[in-house]
Structures are given as C-alpha cells and as structure tokens.
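Coordinate analysis (summary)
In case you want the letters, here they are:
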Amino acid sequence: DRRRHRKAANSMGISFTELGKLMTTYWKGVDSFGKEIFDELSGEGRQIYRDTMEEYTKLNPPPKKSAPNNDKPKKNKAKDAGVEVTGVEVRKKSVSIT
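Reference entry: report on the structure contained in this document. (Residues numbered from 1 in each chain as written. Predicted model: local features only at pLDDT ≥ 70, side-chain atom pairs only at ≥ 80, totals over all residues. Heavy atoms only, no water.)

**Examining the overall build of the chain**
When helices and strands are tallied, the chain shows 4 helices and 2 strands. In sequence order, the chain lays out its α and β elements as α-α-α-α-β-β. Each of the 98 residues in the chain was classed as buried or not, and the buried ones make up 2%. Carbon and sulfur atoms make up 56% of the accessible area of the chain, which totals about 10,200 Å². (Helix = DSSP H or I, 4+ residues; strand = E, 2+ residues; numbered from the N terminus. Buried < 20%, exposed > 50% of the residue type's maximum accessible area, 1.4 Å probe, protein only. Areas by Shrake-Rupley, 256 points an atom, 1.4 Å probe, with all protein chains shown as cover.)

**Re the pattern of salt bridges**
Applying the stated criterion across every chain, the model contains 1 salt bridge. Between Glu54 and Lys58 there is a salt bridge whose closest N-O contact spans 3.7 Å. Here Lys58 and Glu54 lie together in helix 3 (residues 32-59), a separation of 4 residues that amounts to about one turn. The exposure class of Glu54 is partly exposed, given its relative accessible area of 44%. (Salt bridge = Lys/Arg side-chain N within 4 Å of Asp/Glu carboxyl O.)

**Digging into the packing of aromatic side chains**
Centre distance and the angle of the planes are the two values used to describe a pair of aromatic rings. If you walk through the whole model with that rule in mind, you get 1 aromatic pair. Ring plane angle 80° and centroid distance 5.5 Å describe the contact between Trp27 and Phe38, whose orientation is recorded as edge-to-face. Taken as a pair, Trp27 in helix 2 (residues 16-28) and Phe38 in helix 3 lie far apart in primary sequence, 11 residues in all. (Phe/Tyr/Trp six-rings, centres within 6.5 Å; stacked < 30°, edge-to-face > 60°.)

**A short note on helix 2**
Compared with the 18 Å implied by 1.5 Å per residue over 13 residues, the 18 Å span of helix 2 between its first and last C-alpha is a close match. Little of helix 2 is tucked away, with 0 of its 13 residues classed as buried. (Expected span 1.5 Å × (residues − 1).)

**A few points about a nonpolar patch on the surface**
Taken together, the side chains of Phe33, Ile37 and Leu41 define a hydrophobic patch exposed on the protein surface, amounting to about 310 Å² of accessible area. Secondary-structure assignment places Ile37 in helix 3. (Patch = residues over 30% accessible without salt bridge, like charges linked within 9 Å, V, L, I, M, F, W, Y side chains within 5 Å.)

Structure below.
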C-alpha cells in the first residue's frame, strides 16, 4: 500500500537513489550565499529541536536504571554447550545416552 502511494507521489518517475544524486548535483551548484541561507535555517531548526527536547526531558525524565541483580546465578554457556574449560585447554565432554 505504501509503495503505491510512493509511486503515485513520485511525479518525476525516479528512484530515491537517483533523487539523492540529483540533489547532490544541484547542491554543488549552489553559490555561497544560497548555502549560507540553508546553514542559517538549519541552525535555527537545530536550536528549536534542542529546546524542545530539553523541555520534553524535564517533563518526562528517563526511568532510572536499577542496580544489577546479583542474586541470579550466572549461566555457564561453555558447560551448557557440553564443553569443559580448564585453564587454556578446551576439551569436548563425552555425552552418553542411556
């Protein structure tokens, strides 16, 4: 459904990658005055974002991380995999099924 919408909205009939390349080509052709305008607008937008996020985090503080629960026994992955680790030597345990 989204793909149909993108195709209908894409009046130029080019892919997203081609659009990016086209925009890069045009951006390289923009003079320094034009780039200064975009830099100024992006700076204003960045400041608005920072102010908004600061206000948001004041009203919605992130939850505090709890201390690690050291009561749980740690799983020994090597033991569970049937491997015995002694020093630097690793030996495969023999498993017998009766």
